[in-house]
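Observations on the model geometry
As a plain string of letters, each chain reads:
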Amino acid sequence: MQSHAGPYRVDFAGDPLPPFDELPGGAHLVVDEQVGRLHAAALSPVLDSFPTLRIGATEAAKSLEQFPDYVRVLVSGGIRRGDVIVAVGGGVVQDIACFLAATLMRGLEWWFVPTTLLAQADSCIGSKSSINVGDLKNLLGTFTPPARVHVWAGYLETLEERELHSGVGEMLKVHAIEAPGSFDRIAHDYDLLFEDAGVMQRYVRASLEIKRRIVEEDEFDRGPRNVMNYGHSFGHAIESATRFAIPHGIAVTIGMDMANFVSMLLGPGTAETYERMRTTLAANAAGYGDVAIEAGTLVEAIGKDKKNVGSELRLVLPDESGRIGIVRRPNDEAFSAACDEYLREARPR
Ligand SMILES: NC(=O)c1ccc[n+]([C@@H]2O[C@H](COP(=O)([O-])OP(=O)(O)OC[C@H]3O[C@@H](n4cnc5c(N)ncnc54)[C@H](O)[C@@H]3O)[C@@H](O)[C@H]2O)c1
Ligand SMILES: [Zn+2]
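What you are looking at is a predicted structure, and each value in this text was computed from that prediction instead of being measured.

1. Quick look at the overall build of the chain
For the chain, the count of helices and strands is 14 helices and ten strands. Since a compact globule built from 349 residues should have a radius of gyration of about 20 Å, the 20 Å found for the chain is in line with a globular shape. Across its three principal axes, the chain shows a C-alpha extent of roughly 55 × 40 × 40 Å. Across the 349 residues that make up the chain, the buried fraction comes to 44%. In the chain, once contacts between residues fewer than 6 apart in sequence are set aside, the share between residues at least 24 apart is 73%.

Here you go:
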């Protein structure tokens, strides 16, 4: 994987942890406490031998307000220049460790061991850290790639069903972005993803491969990478309007369906581009129909999306051929009405 900071490796490994004897400095671990518990047999010997910061993975945990505590733990563990932060967890632990590595002592090396499907198939590459400030989601951030990513499929065995669906949401997203035909392929194998670990692994790698091509072309998100935001303007607004009652990748799944619906009503999409993806997206987002989403709150949150330009919305929508691209449009009555109609009549149940 290429980045501004040089190339970095993604290893698909047979062991839960990377070889610590290859670390260029002392290790400080930042670990999802639930992963530490569920995989204690494999992890405890290491966690007990190195200074370890344990984190309960919630949205509140990646809020700026928590960082003084994290810094204190790392400093009392003796961290210094040349040491390496090894992060073991999902996207929350990734964002925290990445932000710490970017800023502590003006920058430390970090390694990442992703333990959720979302992190293994999507967030582990791409360099970004995104930190919340109070209830402002992902407002602070850096581009700080890890020096090494270590993917062990065994972590997925302890994931809850909802976290699997959340990861699959991002996998559906990158495939939809690559091409309508790529989405059709993963949609065809959708049930198998949950039944056959081999099929899941194949699509995890395929998702990373697609993301790698897009990110290498535009690491700093100035152009082509913007399409990775498909499902995210709506998805982030859903997360904020529901106070994070819906996991990220499932909110993104609903967000893609909503984007397709809005594009069908307001253009440039068609009934066909909406229907093509609908069954798979509705299956992946099933079970959250009772979580209240108020249309006004949602539209207000979309209006605040950091990707907008002035008062104009910058949406990522399918065109008439199903290709995903950027569409600029006013945040007007018609847009609000389309969102309202989706929530009343078309939301997956
Ligand atoms: N920086 C990026 O590029 C990027 C990209 C996408 C998402 N994100 C962020 O990532 C976060 C979501 O991350 P996520 O979906 O990976 O989940 P997460 O880190 O929030 O973890 C979800 C839940 O799964 C648990 N968990 C983690 N690994 C487990 C395992 N192996 N077995 C059992 N339970 C396990 C956690 O304790 C937590 O309860 C969001 O805050 C999102 O904004 C960041
Ligand atoms: Zn995402």
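Back to the text.
2. Points about the sheet that holds strand β2 (residues 27-32)
A sheet is described by the order of its strands in space; here six strands give the open sequence β1-β8-β5-β4-β2-β3, paired in parallel fashion. At either end of the open sheet lies a strand with only one pairing partner, and these are β1 (9-13) and β3 (52-55). Neighbour-to-neighbour, the strand axes of the sheet open up by a mean angle of 15°, direction not taken into account. Where strand β5 (residues 109-114) and strand β8 (residues 148-152) come together, two bridges link them in parallel fashion. Looking across to β8, one finds that Phe112 is bridged to Val149. Together, β2, β3, β4 (84-89) and β5 form the strand contacts of helix α4 (residues 91-103), whose direction differs from that of β4 by roughly 170°.

3. Considering the domain arrangement of the chain
By domain assignment, the chain separates into domain 1 (9-158) and domain 2 (161-346). One C-alpha centre belongs to domain 1, the other to domain 2, and the line joining them spans 27 Å. In this complex, domain 1 contributes 15 residues to the contact, which on the side of domain 2 involves 24 residues. Looking at the side of domain 1 that touches domain 2, the elements that each hand over two or more residues are α5 (117-123) and β7 (136-143). Here the side of domain 1 that touches domain 2 gets five residues from one element, more than from any other, and that element is α5.

4. Some thoughts on the nonpolar core
Counting residues in each nonpolar core, the largest one holds 90 residues, and the members touching the most others are Val30, Ile85, Ala87, Ala97 and Trp110. By residue number, the principal contributor to this core is helix α11 (residues 248-266), which donates ten residues. Summarising the domain contributions, this core has at least three residues from each of domain 1 (9-158) and domain 2 (161-346).

5. Description of helix α12 (residues 271-284)
With 14 residues, α12 ought to run about 20 Å at 1.5 Å a step, and its terminal C-alpha atoms sit 20 Å apart, in line with that. Taken as a whole, α12 carries its principal kink of about 45° at Arg278. Turning to α12, its buried residues number three or more, namely Thr273, Tyr274, Arg276, Met277, Thr280, Leu281 and Asn284. Residues of α12 that are buried make contact with α6 (161-178), α7 (180-188), α8 (190-195), α11 and β9 (312-318).

6. Comments concerning the site of ligand 1
Around ligand 1, a shell composed of 31 residues is seen, among which Gly90, Gly91, Val92, Thr116 and Ser123 lie nearest. At the level of elements, α1 (33-38), α4, α5, β6 (128-133) and α6 are the ones that each hand at least two residues to the shell around ligand 1. Here the element with the most residues in the shell around ligand 1 is α4; it accounts for five residues. Three or more residues apiece are contributed to the shell around ligand 1 by two domains, here domain 1 (9-158) and domain 2 (161-346).

7. Comments concerning the pairing of β4
Burial of β4 is extensive: six of the six residues sit out of reach of the surface. Covered by surrounding structure in β4 are Val84, Val86 and Val88 together with Ile85, Ala87 and Gly89, the residues of both alternating faces. Here β2 runs beside β4; their pairing, made up of five bridges, is parallel. Counterpart to His28 in the pairing with β4 is Ile85.

8. Description of the environment of Tyr203
Along the chain, the position of Tyr203 falls in helix α9 (residues 197-217). Among the residues examined, Tyr203 registers 22 C-beta atoms within 10 Å and is labelled buried. Once the C-alpha coordinates of Tyr203 and Ile186 are considered, the two residues, 17 residues apart in sequence, prove to be 7.5 Å apart. If sequence neighbours within four positions are ignored, Tyr203 has contacts with Met171, Ile186 and Leu193.

9. Concerning the environment of Asp218
Looking at the element boundaries, Asp218 is found in the loop between α9 and α10 (232-241). A residue is classified by how many C-beta atoms lie within 10 Å of it, and Asp218, with 14 of them, is partly exposed. Sequence separation between Asp218 and Gly126 is 92 residues, and the spatial gap between their C-alpha atoms is 9.7 Å. If we ignore the near neighbours within four places in the chain, the residues touching Asp218 are Gly223, Pro224 and Arg225.

What counts and how
Residues numbered from 1 in each chain as written. Chains lettered and ligands numbered in written order. Predicted model: local features only at pLDDT ≥ 70, side-chain atom pairs only at ≥ 80, totals over all residues. Helix = DSSP H or I, 4+ residues; strand = E, 2+ residues; numbered from the N terminus. Rg over C-alpha atoms; globule rule 2.2 N^0.38 Å. Buried ≥ 20, exposed ≤ 12 C-beta atoms within 10 Å, placed from the backbone. Contact = placed C-beta atoms within 7 Å. Pairing = 2+ DSSP bridges. Axes fitted to C-alpha atoms, helices over the stretch in contact; angles between N-to-C directions. Domains from an automatic or database assignment. Core = buried A, V, L, I, M, F, W, Y, C linked by C-beta atoms within 7 Å. Expected span 1.5 Å × (residues − 1). Bend = angle between axes of the 7 residues up to and from the residue. Near = placed C-beta within 6 Å.

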